[in-house]
Amino acid sequence: MTTRKTVVGFVLLWMLVIVGMAGCGKPLPESHKVTRLLMGTIVSITVWGEPGRFDREEQAIQAAFAEMERIERVVSSHRPDSVVATINQGERGRWLPLDPEVGRILEPALRIQERSGGAFDPTLYALSRLWGFSQEPPPDRPPPAELRERWLAGRQQAGRLQLRSTDHGQELLLPNDSFALDLGAIAKGYAVDRALARLAEAGVANAIVAAGGDLGMIGQRGAEPWRIGIQHPRDATAVAAVLRLQGPVALSTSGDYERFFMHDGKRYHHILDPGTALPGESGVISVSVRHPASMVADALSTAAFILGPEKGMALIRSEKNAEALFILADGRHVATEGFATEWVGKP
């Protein structure tokens, strides 16, 4: 669906919000926006250009979407014909050839896994299937404890995924059935980065790519920086904080409110802790990470959510050019020194 409109007020984009507010009713620069359903979420690409003339931008947007669709065919663990699905169907305990593009995603994923003490893990597909957050119908109760314990036992026996380089390229080893690739917490960010690269190659100077909780941008909104709002984690119609950003930059938010169910008065969400096989319970309900690369911001926001405010803050501060905002279960918020934001949410 393609739209051309002047944006005034708040435009909610799931976990992230593009905020366009002009003072005294002054209209914003004209934009051209295209929205599609990709990678299990709503993806929108918005460009700013000369009013009424978007032919070049339209071609660039289509090329960017084509790139994201190509990446989905490679990395989706839910498509039986994808490269990742083929890896997951391979023999355990044996070295398997690794697609170069999957390797480019796995290298930063494993680095962040190491630095986060395993809070981020790109091999949780079996656990994700056990919980069923991406399946239809969605779950309404936790999976049996014995199945979670069996998964944990397999992990404790084997360590983690391994990569190695050979004369013929990279190889991957999945130790046992508790290990299978699920790149959902980093691949959307990678796809956003690649879409922005396609837009820039086509000469687009000012654009935003939004994919669920992942947002990447180049340039700015006309003569002003982008105004980006972070969704309030307990009010889908409200904004908790607003940032002014100028690209190239990315912002990724992980929260317990995108996919969840209530059971016996308890919230169970889709951000799973590899150490417990349960949804993360760190006292955090939302983490937003700013970084030059959407792929890195994507993985860091997941890791920081699992780690909680203290350990998560230490992880963010150890990562060059990363800044973050943590919203806690009691309504408080804490942020790194460089995460300049206007807090508008109620405690």
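Residue positions are given per chain, counting from 1 as you read along its sequence in written order. Per-residue local features are limited, in this predicted model, to residues with pLDDT of at least 70; the limit for side-chain atom pairs, both in listing and counting, is 80 or more; totals at the level of whole chains, interfaces and linings are taken over all residues. Side-chain calculation: all heavy atoms of the structure are included, whereas hydrogens and water are not.

J.: How would you sum up the packing of aromatic side chains? Please name residues and give values.
T.: By convention, a stacked pair of Phe, Tyr or Trp rings (six-membered ring in the case of Trp) has centres within 6.5 Å and planes under 30 degrees apart, an edge-to-face pair has planes over 60 apart, and any other such pair is tilted. For the structure shown, the criterion picks out five aromatic pairs. Measuring from ring centre to ring centre gives 5.7 Å for Phe 133 and Phe 261, while their planes differ by 25°; the resulting arrangement is stacked. With Phe 133 in the loop between α4 (125-131) and α5 (145-158) and Phe 261 in strand β14 (residues 260-263), this pair connects stretches of sequence that are 128 residues apart. Considered together, Phe 133 and Phe 261 belong to a single accessibility category, that of buried residues. A network of ring pairs unites the aromatic residues Trp 131, Phe 133, Phe 261 and Tyr 268 as a single cluster. The ring of Phe 260 has Arg 267 lying over it, and the distance from NZ or CZ to the ring centre is 4.1 Å. Secondary structure elements are defined from DSSP: runs of H or I of at least 4 residues count as helices, runs of E of at least 2 residues count as strands, and each element is numbered from the N terminus. The buried label goes to any residue with under 20% of its type's maximum accessible area, the exposed label to any with over 50%, and the partly exposed label to all in between, with areas taken from a 1.4 Å probe on protein chains only. By the criterion adopted, a ring carries a charge over it if an Arg CZ or a Lys NZ lies within 6 Å of its centre and within 35 degrees of its normal.

J.: Run through the environment of Tyr 125, naming residues and quoting values.
T.: When you line up the elements, Tyr 125 lands in helix α4. Here the alpha-carbon distance between Tyr 125 and Asn 88, two residues 37 residues apart in the chain, equals 8.8 Å. Only heavy atoms enter the contact rule, under which two residues are in contact if any of them lie within 4.5 Å. Residues in contact with Tyr 125, not counting those within four places in the same chain, are Ser 77, His 78, Asn 88, Ala 180, Leu 181 and Asp 182.

J.: Can you break down helix α8 (residues 309-318) residue by residue, with the values?
T.: For α8, every residue scored as buried is listed here: Gly 312, Met 313, Leu 315 and Ile 316. Within α8, the buried residues cover an arc of 160° as seen down the axis, which keeps them to one side. With respect to the buried face of α8, the exposed residues turned more than 90 degrees away are Glu 310, Lys 311 and Arg 317. The inward-facing, buried residues of α8 abut α3 (100-115), β18 (284-291), α7 (294-307), β19 (323-328) and β20 (333-335). The arc under discussion is defined with respect to the helix axis, by the directions toward the C-beta atoms.

J.: Any details on unusual backbone geometry? Residues and values, ideally.
T.: Residue Pro 137 is reached from Glu 136 by a cis peptide bond, and omega for that bond is -5°. With respect to the element layout, Pro 137 can be found in the loop between α4 and α5. Even without being a glycine, Ala 277 presents a positive backbone phi close to 65°. For Ala 277, a relative accessible area of 0% gives the class buried.

J.: Run through the pairing of strand β12 (residues 235-245), naming residues and quoting values.
T.: When DSSP finds two or more bridges between a pair of strands, those strands are recorded as paired. Of the strand pairs in this sheet, strand β11 (residues 226-232) and β12 are connected by seven bridges, and their pairing is antiparallel. Of the residues in β12, the one forming a bridge with His 232 is Asp 235. The hairpin formed by β11 and β12 contains two residues between the paired strands. Examined bridge by bridge, β12 and strand β21 (residues 342-343) share two bridges and lie antiparallel to one another. Counterpart to Ala 241 in the pairing with β21 is Trp 343.

J.: Lay out the packing of α3 against α7 with the relevant residues and their values.
T.: Axis lines are fitted to C-alpha atoms, over the contacting stretch for helices. Their N-to-C directions set the angle, which ranges from 0 to 180 degrees. Across the interface, α3 lies against α7 with an axial gap of 10 Å and an inter-helix angle of 35°. Classified by chirality, the crossing of α7 by α3 is right-handed. Every residue of α7 that contacts α3 at Arg 104, Ile 105, Pro 108, Arg 111 and Ile 112 is listed here: Met 295, Val 296, Ala 299, Leu 300 and Ala 303. What makes a crossing left-handed is the near helix being turned counterclockwise from the far one by less than a right angle; a clockwise turn instead makes it right-handed.

J.: Go over the sheet that holds strand β7 (residues 162-166), please, and point to the residues and values.
T.: As a general point, the strands of a sheet are linked pairwise by backbone hydrogen bonds and lie either parallel or antiparallel. The strand order across the open sheet formed by three strands is β6-β8-β7, and the pairing between neighbours is antiparallel. The outermost strands of the open sheet, each flanked by one partner alone, are β6 (96-97) and β7. Here β7 runs beside strand β8 (residues 169-173); their pairing, made up of five bridges, is antiparallel. Following the sheet pairing, Thr 166 is matched in β8 by Gly 169.

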